[in-house]
Amino acid sequence: MLMFGSLISAFAECIIRMLNLNQPLNQSGTANEEVYKILIYDRFCQNILSPLIHVKDLRKHGVTLYFLIDKDRKPVHDVPAVYFVQPTQSNIHRIIADASNTLYQTFHLNFSSSIPRKLLEELASGTLKSSSVEKVSKVHDQYLEFVTLEDNLFSLAQQSTYVQLNDPSAGDKEIEEIIEKVASGLFCVLVTLGVAPVIRCPRGGPAEMVATLLDQKLRDHLLSKNNLFTEGGGFMSSFQRPLLCIFDRNFELSVGIQHDFRYRPLVHDVLGLKLNRLNVQGEKGGMQSFELDGSDPFWSANSSLEFPEVAVEIETQLNKYKRDVEEVNKRTGGGSGAEFDGTDLIGNTKHLMNAVNSLPELTERKQVIDKHTNIATALLGQIKERSIDAYTKKESDMMVRGGIDRAELMAALKGKGTKMDKLRFAIMYLISTETINQSEVESVEAALNEAEADTSAFQYVKKIKSLNVSLAASANSASRSNIVDWAEKLYGQSISAVTAGVKNLLSSDQQLAVTRTVEALTEGKPNPEFDSYLLLDPRAPKSSSGGGGSHVKGPFREAMVFMIGGGNYVEYGSLQELTQRQLTVKNVIYGATEILTGSELVEQLGLLGKKMGLGGPVASSSSSGH
């Protein structure tokens, strides 16, 4: 049995229990006693609910009305209200005001994470003062401070963490607050799954800070009476304990920036998939809104394919649908021109019944095909207009070869593509080249200025590179030249193979540094590259060195991979492929502080560049560029 189980079902179970006033549920997943109620949430909790809970689900659980907490609301005196909000001071003040005005019959308060004692005391004294304390039926910490996007994908929805952690002006206090927020969010995910895993991460930087704090939170909690971790404490075999690997975005910056040609990353990057929803221009000019999640069979089956394969699959599905419709028509249309004389009444009735039964399924299939035809058409338009396929190919080749021919580089920067496409490509060039050729870099900067792109992000990466901070960071890589890192870490190849420009490294078995590291850590065999990684086990006694020593070394059947500073669908897809490719790991859950497109990460790099006084706003066309 897998310990992590399904993230979506664990999450949905908590939400449904909350909607049913935290009563135990019966077999059908509803409360025994049907109670009509009102749901009040804040923006953050609205985003937590929206990918998983739809209006029909709310109705099923007796929710008749739902409102944002900061909106003016009319009293509904005879109905209980379920509040699902973050434990913030403004929310507490609003709850006290609502209770004082007896807006609802009773108040069932659910906080997305553990409410601090100070705020709990404020809530108690506020409701006591207004004599409304008896209106508050229950207060629950739900530990749901994260967004579940797919069964193996979650986001803490903590924006701009990358900027905050890398900001040169950030003080210790600010950094500690961010680390606390990230560790608390991860703690919520683990509580929802009911598992305390073994933790591994590279030493130093945000990953170690989060890992150490999370380990402490888990230890404190495991000692408390109301322990929320359901798995038995006696498990010491790693085959039953999951592994949590924590990384920081700088571990492999390139993956967050590069263009990708697979369906899921493309839809995210080009069409702006957010909380499993996206808007696409319809045929008749209006915008169409689509949902893409596990309930869409085409998305589940094909989202990891390259775009051309998806287009072929849509065509195949459409042809199959047409054949099935024809088959139904044949069956129900009687013989060829023969008059109906009633002799085959039973046979015809049977065919009609089958046809009627197959109609809903056919209609549903057609809707899914139409949806993906619309999405693919929108993508194709952008791909052609911006040459996204060419950018993907060139960036991949650069990473493999450790550079690019100057003429090809300049042609791409002067060719098709948005300012952001060119900026991302230029940054990928910086990351992939072994040594910076000053005149080449100046030509790149001139081309970016000509395209009127903001070069702050480019300047920032150039600065990092000149400080020799390795972008494929590992404990000992800072002193070695970048190309060796890229060669050995990304592709497991020797330097000579890479400089020879071996192209087939980007075939389907290309592995990202994160995937390769996770594979090695789950195997648990001695490996000089990863033996220096921190190993913390909240269930083991604390070792004298301060870390949680553990004799649980692997192999591990399940892993959770968490990326501080922003994850992406490229990494998520790569880790899902890992589970299909080898025998040890059966399940990998991927999470991040937020899920970012390449453009969004570059924008954060640009902000850091500006904070360091690099690049800056684009000069107006009247002033001369330099």
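Here the structure is shown first, and the text comes after it.
Residues numbered from 1 in each chain as written. Predicted model: local features only at pLDDT ≥ 70, side-chain atom pairs only at ≥ 80, totals over all residues. Heavy atoms only, no water.

1. Some thoughts on the pattern of salt bridges
- Tallied over the entire structure, the rule returns 27 salt bridges.
- Of the charged contacts in the structure, one is a salt bridge between R264 and E150, with a shortest N-O distance of 3.3 Å. Of the two residues, R264 is situated in helix α9 (residues 263-271) and E150 in strand β6 (residues 147-150); the sequence distance between them amounts to 114 residues. The pair R264 / E150 is uniform in exposure class, with both members buried.
- A salt bridge links K371 to D296; the shortest N-O distance between them is 2.8 Å. (Salt bridge = Lys/Arg side-chain N within 4 Å of Asp/Glu carboxyl O. Helix = DSSP H or I, 4+ residues; strand = E, 2+ residues; numbered from the N terminus. Buried < 20%, exposed > 50% of the residue type's maximum accessible area, 1.4 Å probe, protein only.)

2. What about the packing of aromatic side chains?
- According to the stated counting rule, one finds 14 aromatic pairs in the structure shown.
- Clustering of aromatic rings is evident, with ring pairs tying together F11, F146, F154 and F562. (Phe/Tyr/Trp six-rings, centres within 6.5 Å; stacked < 30°, edge-to-face > 60°.)

3. Points about the nonpolar core
- In terms of nonpolar packing, the biggest core is built from 113 residues, with F154, I246, I375 and L379 touching the most fellow members.
- The leading source of residues in this core is helix α7 (residues 172-193), at 12 residues.
- Those residues within four positions of I375 in sequence are excluded, and the remaining contacts are Y263, V267, L271, L278, V280, F290 and L292.
- Core analysis: the next-biggest nonpolar cluster, separate from the first, contains 37 residues, Y391, L413, V602 and L605 among them. (Core = buried A, V, L, I, M, F, W, Y, C linked by side-chain atoms within 4.5 Å. Contact = heavy atoms within 4.5 Å.)

4. Section: the packing of helix α14 (residues 406-414) against helix α16 (residues 438-450)
- Where α14 meets α16, the axes come as close as 9 Å, and the angle between the chain directions of the two elements is 15 degrees. Taken together, the axes of α14 and α16 lie roughly parallel to each other. The hand of the α14/α16 crossing is right-handed. Where α14 abuts α16, its residues R406, L409, M410, L413 and K414 lie against S439, E440, S443, V444, A447, L448 and E450.
- When grouped by side-chain class, the residues that make up the contact of α14 with α16 number 6 nonpolar, 2 polar and 4 charged. (Axes fitted to C-alpha atoms, helices over the stretch in contact; angles between N-to-C directions. Parallel < 35°, antiparallel > 145°, perpendicular 65-115°, else oblique. Left-handed = near helix turned anticlockwise from the far one by under 90°. Nonpolar A, V, L, I, M, F, W, Y, C, P; charged D, E, K, R; others polar.)

5. Quick word on the packing of α16 against helix α17 (residues 456-466)
- Following both chains from N to C, one finds α16 and α17 inclined at 160 degrees, their axes separated by 11 Å at the closest point. With respect to each other, α16 and α17 are oriented roughly antiparallel. α17 is crossed by α16, and the crossing has right-handed handedness. From α16, Q438, V441, V444, E445 and L448 reach across to α17, where they touch F458, Q459 and K462.
- Residue classes in the contact of α16 with α17 are distributed as 4 nonpolar, 2 polar and 2 charged.

6. Topic: the side chain of D167
- Along the chain, the position of D167 falls in the loop between α6 (161-166) and α7.
- The class of D167 is buried, set by a relative accessible area of 14%.
- Here K611 takes part through its side chain, which lies 3.3 Å from a polar atom of the side chain of D167.
- Apart from residues no more than four positions distant in its own chain, D167 is found in contact with L608 and K611. (Polar contact = N/O pair within 3.5 Å; in protein donor to acceptor, adjacent residues only side chain to side chain.)

7. Details of the environment of D389
- Secondary-structure assignment places D389 in helix α13 (residues 388-401).
- Excluding residues within four positions of it along the chain, D389 makes contact with F261 and I383.

8. Here's the deal with the sheet that holds strand β9 (residues 243-248)
- Read from one edge to the other, the open sheet built from 7 strands follows the order β6-β7-β14-β13-β9-β8-β12, with strand pairing classed as mixed. Single-partner strands in this sheet number two, and they are β6 and β12 (534-536). Here the strands of the sheet are splayed against their neighbours by 20 degrees on average, with no regard to which way each runs.
- Here β6 pairs with strand β7 (residues 153-155) via 3 bridges, running antiparallel. Residue pairing for β7: E150 is matched across the bridge by L153.
- Most of the contacts of helix α8 (residues 205-223) go to β9, to which it runs at about 145 degrees, and overall it touches β8 (198-201), β9, β12 and β13 (558-564).
- In the packing of helix α21 (residues 569-581) onto the sheet, contacts are made with β6, β7, β13 and β14 (587-592), and the angle to β14 comes to roughly 165 degrees. (Pairing = 2+ DSSP bridges.)

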